[in-house]
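Report on the structure
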Amino acid sequence: MSRRIDTDVVVLGAGPAGLAAACAAMEAGARVVLVEREERVGGILKQCVHDGFGLVRYRSKLSGPEYALRDADRFAALGGAVMLEAFVTKAERRDGGFSLSCVDKGGVVELSSKALVLATGCRERTDRQVFIHGDRPAGILTAGLAQYMINVQGLLPGRRALILGSGDIGLIMARRMTLEGMEVVGAHEAKPEPSGLSRNVRQCLEDFSIPLELSSTVTSVRGGRRVEGVTTARVDEAMRPIPGTERDVECDTLVLSVGLIPENELARSLGVPLDPATKGPKVDQSMHTLVDGVFACGNAVHVNDLADYVSESGETAGRAAAAYASPGARPERRLVPVEAGPGFLYAVPQLVDLGSAAAEASGGATGAGSAGSAGSTGGADERAAFYFRSRATMPGGAVVRMATADGTELYKRRYAVLRPPEMERFELSPHALSEALAGMRGDGARLVVGMERLEPK
Amino acid sequence: MIARRSRTGGRGIALSERGGSIVIEGQAPSYQEKVEIGWAAAKLGFKGVVNDLSVEGAPEETLSPPLLADSALEGAYYDVVIVGGGVIGSAVARELTRLDLSVALLEKESDVAAHTSSRNDGMVHDGFAAKPGSKKAAYNVRGNRLWEPLCAELGVEFKRPGSLILFGSALSAAAYPVMAERARRNGVDGWEFWSRARVAAEEPNVAGDQHGAFFLPSAGVLSPYKATVALAESAIMNGARVFLDTCVLGMELESGRIARVRTNRGACRAGVVVNAAGNWSDVVAGMAGDRFFSLHQRRGTEAILDADTGRHLRHIMGMPRLVQIKSKTKGGGLVPTVEGNVLVGPTAAEAPGREDYSTRAWELRELEKHVRLNTRLAMGQAITYFAGVRPCTYEEDFVVERSERVPNLVHAAGIQSPGLASAPAIAEDVARMVAEIASGFRAVRPRDGWKARRSAAPEPRRLGPEARNALILGNPAYGRIVCRCEEVSEGEIVDAVRSVLPVSSMDAVKRRTRAGMGRCHGGFCTPRVMEIVARETGSPLWAVTKKGPGSELCVGPTKGARV
């Protein structure tokens, strides 16, 4: 017979988002089962031996494993239950809650819960998704895979590497591979600007004299068994290779850092609506998806630039999931959309729940958010965090405004510079939210975020 | 035609007759012209076309043998030596194990099905497209009937979705009687005219611009590499030997018969030799002094769409232009695979390179036209794409016969599309020919205890909860999911590595288990699969290969790492 476990909240994924969510839910008094498919908790942080984690959340510079350990220890201290090497094969809604089938090395486990937190992270885009042609020898790998091989397995993936893309993991791996004695011949980015954080361009490429070629891509790979070389080409504004600019570069390794895609196969199977801009579930300010009882956080919702914000959204989701699972009446959800103007790549959350905002504003009537949060470092528990990325670089900065449809302003800030690789964040108090939206009724109710570009001086 | 070509070629083309075949020598200005000259020569009524035209800038290819060198075969004797471990060689091997003969199958790659047999769309054609009276037509229709029961014996999934040849205009729909007559002449198992409304009802996501369809219910699909692996394993379970990384380098003849087969692993003696060498079958024929045909290569590229696309497509479908119905391939289309993906393609382009599997950007653009046939599909759903090379004779038909010159040689060559569909039927015939030859030097009796059934390794994801639970309780490795996209467990990977046909490359594991075949394309599971393969084979972690020696995934440990 398969095993059965009944709980309040199931958190899927024990990376930074899931760990934070599980801790927050437990601190709010919920019974929690954390499900992780790998052997250890920590997610991708386990392979991030570089530092720079925790600057926002802990005001200190930690490595990935150190950062993960903080919440792992917190979860252990709370006496949390984690299922390791456990894999969800099926998820469905049942009897107002959720029923999940899992397998682990002990067999099949049937989990039932009142609320579900999806903290499933993201995956890397592959060479096939950026339509690289030519042969398919050994030696083509994503930056994350190269990172795992070098940092966890102690394996050297090649001797002479070219990097396609300038995402953060690719930049970090340029440095890492160089330190391990590999020759990194260059990073090629099809866009006219780098995709990764400025600090990574400086610290990982410039400091090591690794050339970054913008508006340049890899069109094909050469080599039967192992990569022998790649063809690079300049690209036009539409990112199409320009004929005549092809160059053959000898290398035995091609590392790809061409973007991340939120993992949402389970969300999809539960009928959770996704945002085509983020490729993650649409959520409200509590990280509650449009399916009641399903919460989502971290890179499964949108790809964050810093792990600190991943944890922050986990805290929010975990707290809200615990509140949802707690006995008593749930405030009725009154969702109004947040419409992001054309200047935004995306904005999260995509919705605001007036019902819970009103409840929070009137003093935590949901029963969550205050009890256990003293020990947490998240801070500003009840405030609603908004995250966005601009569609284009605004070297002169921009004014970002959030208002109701009828023009009542909730937030305004002037940013000195906006760049798509750098995620921006602002917060609103539930009080301000509920007050500004108090008069909003009916179908026309919505919030609008707009961006006004400023010219460089 | 040939004379005209020779003028345009400018350097002169010499024609001669050798052993009943027409031999073309000289220089062609391009590969395309070389092929067209070969096609023209095929109409002249000779036994075969040996097209030795050279093409500037395209030197004649030579076999590059595996890095492995030992003496595993030195001095051995087998009643039958099969050259080539594709679907044909593997099916022939299994068929021959019904008889009390010693059988060795030699495959130059690190796995069976490494080339054309894993680089196709898995379609078991109905037999309509083949030219009436051709070997293709006969073998295809019989093979189509044999595959379903054979898959049941092998424990391999087979589905029969049927094929819709969509009409793009009212005019093309008028071709129905002609098509029906061709299907009748080929002996195809059933055909129907479907009206526009019927097509729309049975294939809900079909694009609106169709004018009905020619429906062929017998068309099926299977996983071509799983089927080939299963055939090879079944052969091994019944006593055949399969030698991987073993390349035939030459043959020694005595009194006109093949006496010894030379390989990178020593020379063995052979009673009968079967040439099932795919894109090298003309070269292998030449090693025995019987190169009465030659091959040209027609490359085809296909795209694989995400695993959740299969639910949008019920039938195999394509919309060939009217002129394509009589062309050399049926023009490609959409194929729902047994695994739930959709395959788009293949393209068809004459291109040199017997093993050139590089893909080109224009090929993917060409596949767009197929994707448009279904309103729910888009090229953006592609998780990968790949190319295959069809081994084609200039007669554009199979060569399945006893050699006229070498009494102990049987050819199964030029097996292009619909070769997969035809494989079981070709294997029957080849085994019969081999038995005739073998009975000349020894008594040929049925093998005692021959087993039709292959016990396939478990696939936990296909089991119900209780059965799966019981399986995991018996072996916890079946509960440890390694490939998250395709839900493949450690136990399945161990089974693949330890099977009767042990393999150790990532590609071989992928073909057997689907680990790494999903949407993340191995990004997450590659390290885990490497660790399991290394542990099971006792090799260092960095020495794990993608597809055999020379394709190691890593070059060694990092500084100071203990691996």
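Residues numbered from 1 in each chain as written. Chains lettered and ligands numbered in written order. Predicted model: local features only at pLDDT ≥ 70, side-chain atom pairs only at ≥ 80, totals over all residues. Heavy atoms only, no water.

**Focus: the overall build of chain B**
Of regular secondary structure, chain B possesses 15 helices and 27 strands. At 24 Å, chain B has a C-alpha radius of gyration in line with the 24 Å of a compact globule built from 563 residues. In chain B, buried positions account for 61% of the 563 residues. Accessible area for chain B stands at about 20,800 Å²; split by element, carbon and sulfur atoms hold 52% of it. (Helix = DSSP H or I, 4+ residues; strand = E, 2+ residues; numbered from the N terminus. Rg over C-alpha atoms; globule rule 2.2 N^0.38 Å. Buried < 20%, exposed > 50% of the residue type's maximum accessible area, 1.4 Å probe, protein only. Areas by Shrake-Rupley, 256 points an atom, 1.4 Å probe, with all protein chains shown as cover.)

**Concerning the interface of chain B and chain A**
A common way to report how large an interface is uses the accessible area buried once the components associate. Of the residues lining the interface, 55 residues belong to chain B; the matching set on chain A comes to 50 residues. Contact with chain A buries area across many residues of chain B, yet Tyr385(B), Arg484(B) and Val555(B) alone supply 15% of it, more than any other trio. The tally of links from chain B across to chain A stands at five salt bridges. Notably, a salt bridge pairs Arg484(B) with Glu263(A), separated by 4.0 Å at the nearest N-O pair. In this assembly, chain B and chain A are joined by 22 residue pairs in polar contact (both at pLDDT 80 or more). (Contact = heavy atoms within 4.5 Å. Buried area = accessible area lost by both parts, 1.4 Å probe. Salt bridge = Lys/Arg side-chain N within 4 Å of Asp/Glu carboxyl O. Polar contact = N/O pair within 3.5 Å; in protein donor to acceptor, adjacent residues only side chain to side chain.)

**Let's talk about the nonpolar core**
Grouped together as the largest cluster of nonpolar side chains are 60 residues, with contacts concentrated most on Val9(A), Val11(A), Leu12(A), Val35(A) and Val117(A). The biggest single contributor to this core is helix H7 (residues 307-325) of chain A, with eight residues. When residues no more than four places from it in sequence are discounted, the contact partners of Val117(A) are Val9(A), Val10(A), Val11(A), Leu12(A), Ala21(A), Phe295(A), Cys297(A), Ala317(A) and Ala321(A). Ranked by size, the runner-up nonpolar core spans 57 residues in total, among them Ala230(B), Leu231(B), Ile236(B) and Ala423(B). (Core = buried A, V, L, I, M, F, W, Y, C linked by side-chain atoms within 4.5 Å.)

**Some points on the packing of helix H3 (residues 87-96) of chain B against helix H11 (residues 419-438) of chain B**
Residues and elements named next belong to chain B. With their axes 8 Å apart at the nearest point, H3 and H11 run at an angle of 45° to one another. Of the possible angle classes, the one that applies to H3 and H11 is oblique. As for the relative orientation of H3 and H11, their crossing is right-handed in sense. The segment H3 lies against H11, with Val87, Ile88, Ala91, Val92, Glu95 and Leu96 engaging Gly419, Leu420, Ala423, Ile426, Ala427, Glu428, Val430, Ala431 and Val434. The class makeup of the residues in the contact of H3 with H11 is twelve nonpolar, one polar and two charged. (Axes fitted to C-alpha atoms, helices over the stretch in contact; angles between N-to-C directions. Parallel < 35°, antiparallel > 145°, perpendicular 65-115°, else oblique. Left-handed = near helix turned anticlockwise from the far one by under 90°. Nonpolar A, V, L, I, M, F, W, Y, C, P; charged D, E, K, R; others polar.)

**Here's the deal with helix H8 (residues 354-361) of chain A**
Along H8(A), the positions that sit buried rather than exposed are Leu354(A), Gly355(A), Ser356(A), Ala357(A) and Ala359(A). Sitting at the amino-terminal end of H8(A) is Asp353(A), which places a side-chain oxygen 2.9 Å from the backbone nitrogen of Gly355(A).

**A short note on the environment of Gly89(B)**
Residue and element names in this part refer to chain B. Inspection of the secondary structure assignment puts Gly89 in helix H3. Residue Gly89 is classed as buried on the basis of its relative accessible area of 0%. C-alpha separation for the pair Gly89 and Ala197, spaced 108 residues apart in sequence, amounts to 44 Å. Excluding anything up to four places from it in sequence, Gly89 contacts Ile82, Gly84, Leu105 and Ala276.

**Some details on the pairing of strand S11 (residues 213-216) of chain B**
Residues and elements named next belong to chain B. Covered by surrounding structure in S11 are Ala213 and Phe215 together with Phe214 and Leu216, the residues of both alternating faces. Looking at chain direction, strand S10 (residues 192-194) and S11 are connected through three bridges and run antiparallel. In the sheet register, Glu192 faces S11, and the bridge partner there is Phe215. (Pairing = 2+ DSSP bridges.)

**What about the environment of Val83(B)?**
Residues and elements named next belong to chain B. By the secondary structure assignment, Val83 is in strand S5 (residues 77-83). Placed 318 residues apart in sequence, Val83 and Glu401 show a C-alpha to C-alpha distance of 15 Å. Not counting the four nearest positions on each side in its chain, Val83 is found in contact with Leu106, Val248, Val273, Val274, Asn275, Ala276, Ala277 and Val284.

**Here's the deal with the sheet that holds strand S23 (residues 344-348) of chain A**
All names here are of chain A. Read from one edge to the other, the open sheet built from three strands follows the order S23-S25-S28, with strand pairing classed as antiparallel. Edge positions in the sheet fall to S23 and strand S28 (424-428), since each has one partner strand and no second. Geometrically, the sheet is characterised by an average inter-axis angle of 20° between neighbouring strands, direction not taken into account. Where S23 meets strand S25 (residues 384-390), four bridges bridge the pair, whose relative direction is antiparallel. Its bridge partner lying in S25, Phe344 is registered against Ser390. Running over the sheet, H7 touches S25 and S28 and is turned about 140° from S25.

**Quick word on the state of the cysteines**
Each disulfide consists of one covalent bond between the sulfur atoms belonging to two cysteines. Residue and element names in this part refer to chain A. Applying the stated rule across the entire model yields zero disulfides over all chains. We note that Cys23 lacks a disulfide partner, and the nearest cysteine sulfur, in Cys297, lies 12 Å from it. The thiol sulfur of Cys204 is not disulfide-bonded, and the nearest other cysteine sulfur, from Cys48, lies at 12 Å. (Disulfide = S-S within 2.5 Å.)

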